Amino acid sequence: MKVISLKYETIFVNDVLFFSSGNIAVGKSTIMSHIASKYLSNLFKVHREPVENWMNIQGFDLLKALYTQSNRWTFTFEMMALLSRIRNHMNAVDNHAAIHVYERSILSCFHVFIQHDLEQKYLNEAEYRILQEHFEHGLNETIDLSKTIILYLDLPPRECYQRINKRSRQSESTINLERLQQLNYHYGQFISNFQSCPIHIIDASQSIDQTCQQVDSILDQVLKQNQIHQMQHDIKSSVLTE
């Protein structure tokens, strides 16, 4: 008689990736903090944007340079941002959580921000192709789109601009409404045309409590589905065979 036994790397059979996405100042960080405080860390692992790293590269604020000298620093920043996100996705493999939630991802990095940069001629064709190659490699190696869900926080550019002015971050002081409108357009194109995974559109103009409730409803549903899959998997793994 041989017992079939399986070693579990996580508490669920299938890891799920959530990408919290949206324009600048749409409320992603607030949602990430809410998820981190509400859900157990062995169920949900929150991966924030490494903004602090981008703002202090041996004392140099690359994020601020992106907005103040776009023609000079866009390729450098986008390469840094893309590689940071790929590294985040790779590190998640060693983290024993069932559901990983990322503040943006390489998907929005390429399909929104890099497309915007190309259109505005902040990138030339050669730089764009280099970034595209890294994106495609990172996508193939680190993301299973069949287990991915995007939470898109939707907010009019003017409201994003008002929030930027209200929070008054030095690195964002030169972001204008036009840039936010351009990014909003590219987000719209991405959300409308990307069909490789489910996308939930969340109205970020409602109150924080209402937004969090809408996010919780989606997360709880996925959590319940994965618990059912785990129970089914546990039953199968306990079968004895000769």
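Q: Tell me about helix H7 (residues 157-167), and please be specific about residues and values.
A: Considered for burial, the residues of H7 that qualify are Pro157, Cys160 and Ile164. All buried residues of H7 project into a common sector of 55 degrees when viewed along the axis, lining one side. In H7, the exposed positions angled more than 90 degrees off the buried face are occupied by Arg158, Gln162 and Lys166. Serine 168 sits one or two positions beyond H7 and adopts a positive phi of about 50 degrees.

Q: Quick one: what's the story with the layout of surface pockets, residue by residue and with numbers?
A: Considering only enclosed or pocket space, the largest pocket measures out at about 680 Å³ in volume. If you go around the largest pocket, you meet 34 residues; those closest to its centre are Glu49, Arg104, Arg167, Arg169 and Glu172. Mapped by element, the contributors of at least two residues to the lining of the largest pocket are helix H1 (28-38), helix H2 (51-54), helix H3 (62-68), helix H4 (70-91), helix H5 (106-119), H7 and helix H8 (177-193). Looking at the lining of the largest pocket, its residues break down into 15 nonpolar, five polar and 14 charged.

Q: Quick rundown of unusual backbone geometry? Include the residues and the values.
A: For residues that are not glycine, phi is negative in most cases, and the peptide bond is trans in most cases. The backbone of glutamine 58 shows a phi angle near 50 degrees, a positive value even though the residue is not glycine. When you line up the elements, glutamine 58 lands in the loop between H2 and H3. For glutamine 58, a relative accessible area of 83% puts it in the exposed group. Of note in the backbone geometry, serine 168 takes a positive phi value of approximately 50 degrees without being a glycine. Among the secondary structure elements, serine 168 is positioned in the loop between H7 and H8.

Q: Can you explain empty space enclosed by the protein? Please cite residues and give values.
A: In this structure the tally under the stated criterion is two cavities of 30 Å³ or more. The space that makes up the largest cavity amounts to roughly 60 Å³. Around the largest cavity, the lining residues are Val26, Gly27, Thr30, Ile31, Leu153, Arg163, Ala204, Ile208 and Thr211. Put simply, the parts of the chain that give the lining of the largest cavity at least two residues each are H1 and helix H9 (208-237). Looking at the lining of the largest cavity residue by residue, the classes come out as five nonpolar, three polar and one charged. Considered as a void within the structure, the second largest cavity measures approximately 40 Å³ in volume. What lines the second largest cavity is His47, Arg48, Glu49, Pro50, Arg85, Asn88, His89, Tyr102, Glu103 and Arg104. Counting only elements with at least two residues in the lining of the second largest cavity, the list comes to H4 and strand E4 (99-103). No other element matches H4, which puts three residues into the lining of the second largest cavity. The residue makeup of the lining of the second largest cavity, split by class, is two nonpolar, three polar and five charged.

Reading the values: the criteria
Residues numbered from 1 in each chain as written. Predicted model: local features only at pLDDT ≥ 70, side-chain atom pairs only at ≥ 80, totals over all residues. Heavy atoms only, no water. Buried < 20%, exposed > 50% of the residue type's maximum accessible area, 1.4 Å probe, protein only. Helix = DSSP H or I, 4+ residues; strand = E, 2+ residues; numbered from the N terminus. Arc of directions from axis to C-beta. 1 Å grid on protein atoms, 1.4 Å probe; cavity = no way out; pocket = protein on both sides within 12 Å on 5 of 7 lines; lining within 4 Å. Points joined across faces, edges and corners; volume = space filled by probe spheres on them. Nonpolar A, V, L, I, M, F, W, Y, C, P; charged D, E, K, R; others polar.

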